[in-house]
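Structural features, examined
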Amino acid sequence: MTNLTLEMIAETAGVSRSTVSRVVNDHPNVRPEVRERVQKVINETGYQPHAAARSLASRRTHMLGLVIPRSVQHFFSDPYFPRLTQGIAEACNAADYTLSLFLLHTADDEKKLIPRISRRGMLDGIIIQSTHLRDSVIPDISEGQVPFLVAGRPMNAPNASFIDVDNVSGAMKAVQHLIGLGRRRIATVAGSPDTAAGLDRLTGYRRALKENGLAIDEDLITAGDFTEPGGYEAAGRLLERQPDAIFCGSDMMAVGVLRRLKEAGVRVPEEISIVGYDDLPPARLTDPPLTTIRQPIRRFGVRAVQTLTEMVSHPNQGQVRVILDATELVVRGT
C-alpha cells in the first residue's frame, strides 16, 4: 500500500480519523484494544506519519538539546564528556527523540544561540552541562520557555532542576580506603573550586578525615582544574609537604599526579598511594593502574534524558532534583 493517509488507516482499522491521529501522537485517551487494533494496521501497512504534521499536531518537536557552555573548555580532551554524550544520545534514540548538540565557544555564541534554543518551538527540552559559578548560561536559559535540566548541581541557579551523582559520598569512599591502608597524611588535589563537583568532592574529603579522627591540614589541600596539567602542577606543590596519599578529584588530574611523581622518583603505591575519581579509560592504562571511584557516567546520561522527557510531559511539577548514589571504589594498583 502506498501514499497512505490517516483516512485509509482509519477505514482499515474501522475507527475514525481522529482516533488514528491520537494513536499516532501517543495520546492517552484511547482504549487499549482500539490502540492495539490501529497499531496493528500501522505495522502491517508500514505507514509512516509525516514528521512535520506530527509535530504540529502534538506541539512537540521531538528534539532535545545538549548545551556545553564555553566554561567547559576541555570537552574534547576529557573522556568524561564523550561517555556522557553517548548515554544521552542512546536514551534519545530509545525515546524517539533527535539530539542536537550546542557547543558555546564564545560569549557571542551564547548571545546568538541561547535566545533561539530557549524559545518554544525549536526544542522540547534542554540538558545543560553544569557550569562554573560565574557562568551566565543557566540563568539565561531559565528566562526562556523550554524545560531544562542541569547535568550536575548548578552553583548559580538554586531553583533549577538538576541531576547529579552523590559526589560527597564518592569522595568519602576514596579517603576511607586510603585510611584503611594506614595512610595518615592524606592530601587532595581538588577540582575547580567554582564548580559543584569540585566543592562536593572536597567536602567528602574533609568529612572522611573528620569522621575518622584525623586532623585536616590545609597545607595538604590544593586545587587543580580537572585536567592532567592541573594535576601535574598540583603534585609539584604537594611533594614538598610529604603526603603519604593523595585523593584526586578526577582521573585526569590523577594521571598528571602520577606523571609528576614518577619524574620525582616517588614510588606508587609504596611511598604515596593515589585514588582518582570517575573510572575513565585512562585509569586502566596508567603505570600502575589507577585505583579510582567509579561513577555511572553513561547511566547518568540515560537518566538525565528520562528525567527531562518526564518534565516535558508534566511541565507543572516544579523543581526536580535527582541525586544518584551509585559510586563504587575500584581497587587497582595505586
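Before reading further, recall that the structure is shown in the block above.
Keep in mind it's a predicted model, so treat the numbers as computed, not measured. (Residues numbered from 1 in each chain as written. Predicted model: local features only at pLDDT ≥ 70, side-chain atom pairs only at ≥ 80, totals over all residues. Heavy atoms only, no water.)

What about the side chain of Thr19?
The topology assignment puts Thr19 in helix H2 (residues 17-24). Note on Thr19: relative accessible area 10%, which makes it buried. At 2.9 Å, the side chain of Thr19 forms a polar contact with the side chain of Ser16. (Helix = DSSP H or I, 4+ residues; strand = E, 2+ residues; numbered from the N terminus. Buried < 20%, exposed > 50% of the residue type's maximum accessible area, 1.4 Å probe, protein only. Polar contact = N/O pair within 3.5 Å; in protein donor to acceptor, adjacent residues only side chain to side chain.)

Topic: the sheet that holds strand E7 (residues 221-223)
Taking strand neighbours across the sheet as the criterion, the 6 strands line up as E7-E6-E8-E9-E10-E12 in an open arrangement whose pairing is mixed. In the strand order of this sheet, the two ends are held by E7 and strand E12 (328-330), each with one partner. Across the sheet, the axes of successive neighbouring strands diverge by a mean angle of 20°, strand direction being ignored. Alignment of strand E9 (residues 273-278) against strand E10 (residues 291-294), held across 4 bridges, turns out to be parallel. Looking at the pairing, Asp278 lines up with Arg294 of E10. This element, helix H8 (residues 167-180), spans strand E6 (186-190), strand E8 (245-248), E9, E10 and E12 of the sheet and lies at about 165° to E9. Running over the sheet, helix H9 (residues 196-211) touches E6, E7, E8 and E9 and is turned about 170° from E6. (Pairing = 2+ DSSP bridges. Axes fitted to C-alpha atoms, helices over the stretch in contact; angles between N-to-C directions. Contact = heavy atoms within 4.5 Å.)

Describing helix H11 (residues 251-263)
End to end, H11 covers 19 Å across 13 residues, agreeing with the expected 18 Å (1.5 Å per residue, within 8%). Inspection of H11 places Asp251, Met252, Met253, Ala254, Val255, Gly256, Val257, Leu258 and Leu261 among the buried residues, and these make up the whole buried set. The elements touched by buried residues of H11 are E6, helix H10 (228-239), E8, E9 and E10. Gly265 sits one or two residues past H11 and shows a positive phi near 75°. (Expected span 1.5 Å × (residues − 1).)

Spatial relationships are all this shows, so hold off on functional conclusions.
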